[in-house]
Amino acid sequence: MIASCLCYLLLPAARLFRALSDAFFSCRKNALLAKSSSPQVEGDFAMAPRGPDQEECEGLLQQWREEGSSQVLSTASEGPLADKGLAQSSLALLMDNPGEQDAASEDKWSSRQLSDLRAAENLDEPFPEVLGEEPLPEVEGPLWAAVPVQTGPQYADCAVLPMGALAAEQWEEDPAMVAWSIAPEPMPQEENPIWPFEGLGQLQPPPMEIPYHEILWREWEDFSTQPDAQGLEAGDGPQFQFTLMSYNILAQDLMQQSSELYLHCHPDILNWNYRFANLMQEFQHWDPDILCLQEVQEDHYWEQLEPSLRMMGFTCFYKRRTGCKTDGCAVCYKPTRFRLLCASPVEYFRPGLELLNRDNVGLVLLLQPLVPEGLGQVSVAPLCVANTHVLYNPRRGDVKLAQMAILLAEVDKVARLSDGSHCPIILCGDLNSVPDSPLYNFIRDGELQYSGMPAWKVSGQEDFSHQLYQRKLQVPLWPSSLGITDCCQYVTCHPKRSERRKYGRDFLLRFRFCNIACQRPVGLVLMEGVTDTKPERPAGWAESVLEEDTSDLEPVFSRTVGTIQHCLHLTSVYTHFLPQHGRPEVTTMPLGLGTTVDYIFFSAESCENGNRTDDRLDRDGTLKLLGRLSLLSEEILWAANGLPNPFCSSDHLCLLASFGMEVTAP
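Residues numbered from 1 in each chain as written. Predicted model: local features only at pLDDT ≥ 70, side-chain atom pairs only at ≥ 80, totals over all residues. Heavy atoms only, no water.

Looking at an unreviewed UniProt entry, one finds the protein named Protein angel homolog 1 and attributed to Sciurus vulgaris.

Pasting the structure below:
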């Protein structure tokens, strides 16, 4: 009975304190909404510092505690737990300073500013002390969200936290404090791209865009003066200038068959449509007059590459690899600059020869440069362009040499003029051999002594000297049935007479009773009535047959002992060294190791003393090197995440050179 009376008497006091706290609580929330202009939400929410009215607030709170109001609230009948927590948290607001300063105020509010509101902002004007003040008008914007903070069983306060990314963070300030913030509308989050490589964890793209165009910047090295508008240069004499590009564009089928070589690449940049667009952009940028491509997939060539190159003004020739291979080589030229004289596809496969049982191919074109009509009666020598992709296997240098001998023999036949000399020649492609290897030196120097050489040493790609068994090159390197001499020329051992011999019945009967036919063979088994008699020569039958005159036949070609040669006088466009970086040039990076396997060789004048120097500008003949696109070092390609990358869509770099041909009067 006494407890009921006390509750009835003290209930108005409890309700008064609750109303007072609610008023301060609502007023503080509206003031924060009206004054805050923070551009973003920070990780923690802090209350405003205390002001000069701190002593008054503390005195009021102390008086309330001394009067035993805590007991009143605990015995209240209407929502005792909620009222207690709300009263404690609301009265705790009296500890705050109503004179906070505003860090940044704006004239107008926006939904973006409201969503980024933070509780750490200060206020411009003193906190209103009149409880009856009109509330500020509501601002359209995101909704408010209150999240209870579990700080302990003795507290049941409410703290407002931003929903979304910060909703999981816990309140680190005094649990009696209350802060407000606008809950932004939930935005759909994009899932991070996943790289589906088997056996590897998820690889995330780099945090920032790599400036590939700056890292992979390649300079043009000019060795000549500027040409005139017609593409001809005035100096010692007019020249026909043209550019040639050699490029292994990485067949899509081969890339998918060797996917372990491209684990460092994002799958998007390995997509053929992405790579095709990049390759076409590269062709358009450099705009060569002759384009020699390797690893050209057949379906991609006929469906996309050839139509696109034709629209760019090219005429294209393609040779697919033999067997079941799906890629090949292509040579494209601009008919506005050249006229086709002949095209010779070259197959290295020879049935029955173990040395030549691979499916690699080449393509040789003979082009006639077209001189502008304004120059009058002038002529330019034809140009022979050869493109190939030699076997990769580092252990089979013997196969590489045999394939190169076949290509050089075809070039010798196509480029040979009526007087026995050769027209200017350009030989390019992926030779799968490093600089200064025996194969490279053979092409450049025109001679190679190969007898007893380990087969792996020919290309210099890898070192297998530690292996017990090593295949060595035998003499002769290829059989005479191949029809190619050791000078890399086709054999012509046919009769000089155009007619063929006819072996009729009468001709064969002439040998029936000749001396050789009448001699008893050694070891012939004696059989009565069969082999026991000697043939009797009829009267008037000649004892010997007159031999035919063989002076009309070409003599059988002789083979040199362990040496092969050619007489095309070729030299490389590139020096294979970057003097400004002190590093070797690289054209590809298999397994992250930079090396050079792509080349452009061109014909140059032979030195009378047989010594070849490195100064190719003094050795150029009718075909002069006017410029080239510089290559890169291994370190630079490493900085761009190797090859391929978003900027270069092949695992090889393109090679580009400019040449000049002498224009002579008839």
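Moving on, there is more to tell.
Here we take up the sheet that holds strand S14 (residues 570-572). The sheet built from six strands is open, its strands ordered S8-S9-S10-S11-S17-S14 with mixed pairing. Edge positions in the sheet fall to strand S8 (338-347) and S14, since each of these pairs with one other strand and no more. Averaged over neighbouring strand pairs, the angle between their axes works out to 20 degrees when direction is ignored. Bridge analysis of S14 against strand S17 (residues 598-603) gives three bridges, and the strand direction is antiparallel. Each bridged residue has a counterpart across the sheet, and for Ser572 the counterpart in S17 is Phe601. On top of the sheet, helix H10 (residues 397-415) reaches S8, strand S9 (361-369), strand S10 (383-389) and strand S11 (425-430); it is set at about 165 degrees to S10, its chief contact. (Pairing = 2+ DSSP bridges. Helix = DSSP H or I, 4+ residues; strand = E, 2+ residues; numbered from the N terminus. Axes fitted to C-alpha atoms, helices over the stretch in contact; angles between N-to-C directions. Contact = heavy atoms within 4.5 Å.)

Here the focus is the pairing of strand S7 (residues 327-333). Summarising burial for S7: seven of the seven residues are buried, a large majority. Here strand S6 (residues 315-320) pairs with S7 via six bridges, running antiparallel. Bridge pairing in S7 links Tyr318 to Ala330. Counting the residues in the hairpin turn of S6 and S7 gives six residues, including Gly323, whose phi is positive at 75 degrees. (Buried < 20%, exposed > 50% of the residue type's maximum accessible area, 1.4 Å probe, protein only.)

Here the focus is helix H11 (residues 438-445). Within the span of H11, buried status applies to Pro438, Leu439, Tyr440, Phe442 and Ile443. Buried residues along H11 sit in contact with H10, strand S12 (447-449), strand S13 (563-565), S14 and S17. Of the residues trailing H11, Gly446 is marked for its positive phi of about 85 degrees.

A word on the packing of helix H8 (residues 272-286) against helix H9 (residues 298-311). The N-to-C vectors of H8 and H9 enclose an angle of 30 degrees; their axes lie 11 Å apart at closest approach. By the angle class used here, H8 and H9 are roughly parallel. Along this stretch, H8 crosses H9, giving a crossing that reads as right-handed. Note on element contacts: H9 touches H8 through His300, Gln304, Leu305, Ser308 and Leu309, opposite Trp272, Asn273, Phe276, Met280 and Phe283. (Parallel < 35°, antiparallel > 145°, perpendicular 65-115°, else oblique. Left-handed = near helix turned anticlockwise from the far one by under 90°.)

The omega torsion of the bond from Val475 to Pro476 falls at -5 degrees, within 30 degrees of zero and hence cis. Mapped onto the elements of the fold, Pro476 is located in the loop between S12 and helix H12 (505-509). Along the chain, Leu643 connects to Pro644 via a cis peptide bond; the corresponding omega equals -5 degrees. Checked against the element boundaries, Pro644 lands in the loop between helix H14 (634-639) and strand S19 (655-662). The residue Asp287 is not glycine, and still its phi comes out positive at about 50 degrees. Along the polypeptide, Asp287 turns up in the loop between H8 and strand S5 (290-297). Overall, the relative accessible area of 39% leaves Asp287 in the partly exposed class. For Leu591, which is not a glycine, the phi torsion comes out positive at approximately 55 degrees. Within the secondary structure, Leu591 is located in the loop between strand S16 (583-584) and S17. On the basis of relative accessibility, which here comes to 67%, the residue Leu591 falls in the exposed class.

Bringing the pairing of S17 into the picture now. Burial of S17 is extensive: six of the six residues sit out of reach of the surface. Alternating positions in S17 separate into two faces, Asp598, Ile600 and Phe602 on one and Tyr599, Phe601 and Ser603 on the other, with burial throughout. With five bridges connecting them, S11 and S17 associate as antiparallel partners. Residue pairing in the sheet places Gly429 in a bridge with Tyr599 of S17.

Summarising the element assignment, Asn432 is placed in the loop between S11 and H11. Reaching out from Asn432, the side chain makes a polar contact with the backbone oxygen of Leu391 at a distance of 3.5 Å. Discounting residues that sit within four places of it in the chain, Asn432 has contacts with His389, Val390, Leu391, Tyr392, Lys400, Ser459, Gln461 and Val597. (Polar contact = N/O pair within 3.5 Å; in protein donor to acceptor, adjacent residues only side chain to side chain.)

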